[in-house]
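As a plain string of letters, each chain reads:
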Amino acid sequence: MSNTVLGIETSCDETAVALVSSGEAILSSVVSSQIDLHAKFGGVVPEIASRAHLEILSCLVDQALGEAGQSVTNPDIECVAATVGPGLIGALLVGVSCAKALSLAWDVPFVAVNHLEAHLYASFLAGETMDFPMVVLLVSGGHTMLINMKGHSQYELLGQTHDDACGEAFDKVARYLGLGYPGGPIIDQVSSQGDPNAIIFPKPMINDGLDFSFSGLKTAVIKWAGKNPTTDAADIAASFQKSAVQVLVTKTARAIVETGVDRVCLAGGVAANSLLRSEMTKLCEDNGWNLFLPPRSLCTDNAAMVAASGWWKLKLSGPSDLATPAIPSLGFPATI
Ligand code: KG4
Ligand code: ZN
């Protein structure tokens, strides 16, 4: 029997389809970004996102099957997995409806995947042997969390943000500085030309537990930039990035010490950040901790992580009901 899962991801502004074998080997993975469509609005426009997913998704399914050497009419797959939440309702509905239709057409199970849980599975696709337990820092545009992953589907939430997600702060600071969208990769790039010590910005809650807060840092940066309009945007970006990354690294180190778990993994779009990756590498080398850094392309939204998570979900809990809805505010961990 086939061990291949076809995964579909449409929760936000990336349309993605992938085929993954045994939850770890990527046979094909295609991602179509909508950045150009949303850039002029400075952020994701939900209605435009849904329509763009609808236009391109079936082409991407064909492409992913073709690249994996599979037929479109009768593919050799075990199930179809799709992100059911969290995300934009219209965007989610496109992927979920497509996955259900394919499951009926091909007579294979449908598996509902939690997007946050899927991010944790990116590291399983990087060719490394993963051991449990491990501390995962999940940092994306909508979430900032520290999780103790004790096994498949066994999670302890150690901390999370009280307000803005870290990626959201990157995006909003970039927008205010007029750097463009999406802000995270641009701040990452612009910061390499700036002085990270030019301005001392706050490091919210850095000495306080495992929860986060990024709204105060975002506001401090925006206020400072408003009062100092002649300062080089690269210096502001680099100083902001330094504060945000210091908070992330300090909290992750605290989570490792408090749990006694010396394996750590980064996940989510902000895990593509150059400074975060280099600071985490240094921290783990200094302390003899094992670090798993998924390649950048697997940190940001993709369908390979959805297929990997779906494979494990099928093994552990079986297929999902075709009546499973799209759930925009789906939490973590959640029973879906
Ligand atoms: O995981 P993701 O692709 O989508 C969500 O689930 O939210 O994460 C997107 C977030 C955005 O806020 C984006 O600005 C941020 O990840 N991001 C980065 C970088 N690449 C993406 N933030 C900082 N540095 C980067 N290189
Ligand atoms: Zn994501």
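Up top is the structure.
One structure accompanies this document, and this report is about it. Just so it is clear, the structure is predicted and the values come from calculations on it, not from any experiment.

About the criteria used
Residues numbered from 1 in each chain as written. Chains lettered and ligands numbered in written order. Predicted model: local features only at pLDDT ≥ 70, side-chain atom pairs only at ≥ 80, totals over all residues. Heavy atoms only, no water. Donors = N, O, S within 2.8 Å, 3.2 Å for Na, K, Ca; no water. Helix = DSSP H or I, 4+ residues; strand = E, 2+ residues; numbered from the N terminus. Buried < 20%, exposed > 50% of the residue type's maximum accessible area, 1.4 Å probe, protein only. Near = heavy atom within 4 Å. Polar contact = N/O pair within 3.5 Å; in protein donor to acceptor, adjacent residues only side chain to side chain. Areas by Shrake-Rupley, 256 points an atom, 1.4 Å probe, with all protein chains shown as cover. Nonpolar A, V, L, I, M, F, W, Y, C, P; charged D, E, K, R; others polar. Core = buried A, V, L, I, M, F, W, Y, C linked by side-chain atoms within 4.5 Å. Contact = heavy atoms within 4.5 Å.

Side note on the coordination of the zinc ion (ligand 2)
Here is step 1: Distances from the zinc ion (ligand 2) to its protein donors, namely His115 (NE2), His119 (NE2) and Asp301 (OD), fall within the range 2.0 to 2.1 Å.
Here is step 2: We note that the donor set of the zinc ion (ligand 2) lies within a single chain, spaced as H-x3-H-x181-D. Of this pair, histidine 115 and histidine 119 both sit in helix H4 (residues 115-120), four residues apart, which is roughly one turn of that helix. Histidine 119 carries the same exposure label as histidine 115, and that label is buried.

Some thoughts on the site of ligand 1
Here is step 1: As a structural note, the neighbourhood of ligand 1 is formed by 19 residues, with Gly141, Asp171, Gly184, Asp188 and Gly269 the closest of them.
Here is step 2: The side chain of aspartate 171 places a nitrogen or oxygen atom 2.6 Å from an oxygen atom of ligand 1.
Here is step 3: One of the backbone N or O atoms of glycine 269 is found 3.0 Å from an oxygen atom in ligand 1.
Here is step 4: For ligand 1, whose unbound accessible area comes to 550 Å², protein coverage reaches 88%.
Here is step 5: At the level of secondary structure, the elements contributing two or more residues to the shell around ligand 1 comprise H4, helix H5 (166-176) and helix H6 (183-191).
Here is step 6: By residue class, the composition of the shell around ligand 1 is five nonpolar, eleven polar and three charged.

A few points about the nonpolar core
Here is step 1: With 47 residues, the main nonpolar core has Phe214, Phe240 and Leu276 as its most contacted residues.
Here is step 2: Mapped by element, the contributors of at least two residues to this core are strand E6 (134-139), H5, H6, helix H7 (215-227), helix H8 (233-259), strand E9 (263-267) and helix H9 (274-287).
Here is step 3: At twelve residues, H8 tops the list of elements feeding residues into this core.
Here is step 4: Here leucine 276 is in contact with Leu137, Val139, Val245, Leu248, Val249, Leu266, Val270 and Ala271, once residues within four sequence places are set aside.

Quick look at unusual backbone geometry
Here is step 1: Here the residue pair phenylalanine 132 and proline 133 is connected by a cis peptide bond, since its omega of -5 degrees sits within 30 degrees of zero.
Here is step 2: Position of proline 133 relative to the elements: it lies in the loop between H4 and E6.
Here is step 3: The backbone phi angle of serine 22 is positive, close to 50 degrees, even though this residue is not glycine.
Here is step 4: Of note, serine 22 is situated in the loop between strand E2 (14-21) and strand E3 (25-33).
Here is step 5: Positive phi is not limited to glycine here, since aspartate 107 has a value of about 60 degrees.

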